[in-house]
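# Coordinate inspection notes
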Amino acid sequence: MSEESVPSMRRLPVWGYVLLVVGYLAVIQTIPRFFKPADADYAKFDTIEAITHGLWVTVGLGALVVLVALAVLRWWRPVFVEPVQSRLPRWTWVFPGVMLFAVFAGTAYSRLADKGAAFTIALLVGALFVGVSEEGIFRGIGVVTFRQAGYSEGMVALWTCVLFGLAHATNIFSEGVGALPQVLVTSLAGYFFYVTRRVSGGLWVPIVLHGLWDFGIFTGLIGDEIYVGAAVFMLADIVLAIVAIVTIRKVFPRRSAPVPS
């Protein structure tokens, strides 16, 4: 195939990306309501039926929106492959490293054992598709959009994290005001996943890490008793927030140029 016959990438203005995010949220917030039980709690899955109806439908639709958008935009490579000149130094592996440690230390293995292998696999698959859906729309399409618009890398990180946090504010319709703290927590997590994209060289590691992180959190919500291991995830957030503040100028030099998309 000649170079002239290779389809060129389309451009997506920032306002178009915001509309895409709004449409994405509308899909994953409305359609799943027809499938999951009316009394289902947010991020709580105690049966395989609850996983398939309350998680698989939601993340499946989200992933579909992402894949259709990528096909239309022809952004496969810039979304999944980080430019070499944008790679971060190796020390930034501390961000995914701490998160991965929290997953292994904080997962409620005993509760998974009680539920069985089929339940565990179903929950893991659903959690991994959360990574596909959310990383695809925010650290994938979002990062490329802001880069193409000429934003500095610091602003790319800021706005994708802010939008990621605000997207979780839509849970207020199903969870009430208790969903508001999610805005801050998910904005911080968005930065950790953003750094993971840049240090790992692409989107696949953030996708898997995001899925495992949510999987670990989901396991702590199985049953009605409070799971003390959930504190490991909160501690990891606090530690990485401090690291992020201390190292912000190392990640984003004052005169850093925009990264080519």
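See the structure shown above.
Read on for an overview of the structure. Small disclaimer: the values here were computed from a predicted structure and weren't measured.

Attention now moves to the pattern of salt bridges. If you walk through the whole model with that rule in mind, you get five salt bridges. Between D46 and K44 there is a salt bridge, with its nearest N and O atoms 3.3 Å apart. With a closest N to O distance of 2.5 Å, R197 and E82 form a salt bridge. Placement of the pair is R197 in helix α9 (residues 181-200) and E82 in the loop between α3 (76-80) and α4 (94-106), with a sequence separation of 115 residues.

Further remarks concern a nonpolar patch on the surface. A cluster of nonpolar side chains, namely W56, I121, V125 and F129, defines an oily patch on the protein surface of about 370 Å² accessible area. Here the element with the most residues in the nonpolar patch is helix α6 (residues 117-148); it accounts for three residues. Position of I121 relative to the elements: it lies in helix α6. Take I121: its relative accessible area is 53%, and that puts it in the exposed class.

This next bit is on the nonpolar core. Of all hydrophobic cores here, the largest spans 49 residues; its most connected members are I141 and Y191. Element by element, the count of residues in this core is highest for α9, at seven residues. Filtering out sequence-adjacent residues up to four positions away, I141 remains in contact with L12, Y17, L20, V66, A69, L70, W75, V79 and G136. Counting residues in each nonpolar core, the second largest holds 14 residues, with I51, F119, A127 and F218 among its members.

A word on the packing of helix α1 (residues 14-30) against helix α2 (residues 48-73). One can describe the packing of α1 onto α2 by two numbers: an axis separation of 9 Å at closest approach and a directional angle of 150 degrees. On the basis of their axis angle, the class for α1 and α2 is roughly antiparallel. Seen from above, α1 lies across α2 with right-handed handedness. Facing L20, Y24, V27 and I28 of α1, the residues of α2 in contact are T58, L61, G62, V65, V66 and A69. When the residues that make up the contact of α1 with α2 are grouped by side-chain class, the tally is eight nonpolar, two polar and no charged.

Cut-off values and rules
Residues numbered from 1 in each chain as written. Predicted model: local features only at pLDDT ≥ 70, side-chain atom pairs only at ≥ 80, totals over all residues. Heavy atoms only, no water. Salt bridge = Lys/Arg side-chain N within 4 Å of Asp/Glu carboxyl O. Helix = DSSP H or I, 4+ residues; strand = E, 2+ residues; numbered from the N terminus. Patch = residues over 30% accessible without salt bridge, like charges linked within 9 Å, V, L, I, M, F, W, Y side chains within 5 Å. Areas by Shrake-Rupley, 256 points an atom, 1.4 Å probe, with all protein chains shown as cover. Buried < 20%, exposed > 50% of the residue type's maximum accessible area, 1.4 Å probe, protein only. Core = buried A, V, L, I, M, F, W, Y, C linked by side-chain atoms within 4.5 Å. Contact = heavy atoms within 4.5 Å. Axes fitted to C-alpha atoms, helices over the stretch in contact; angles between N-to-C directions. Parallel < 35°, antiparallel > 145°, perpendicular 65-115°, else oblique. Left-handed = near helix turned anticlockwise from the far one by under 90°. Nonpolar A, V, L, I, M, F, W, Y, C, P; charged D, E, K, R; others polar.

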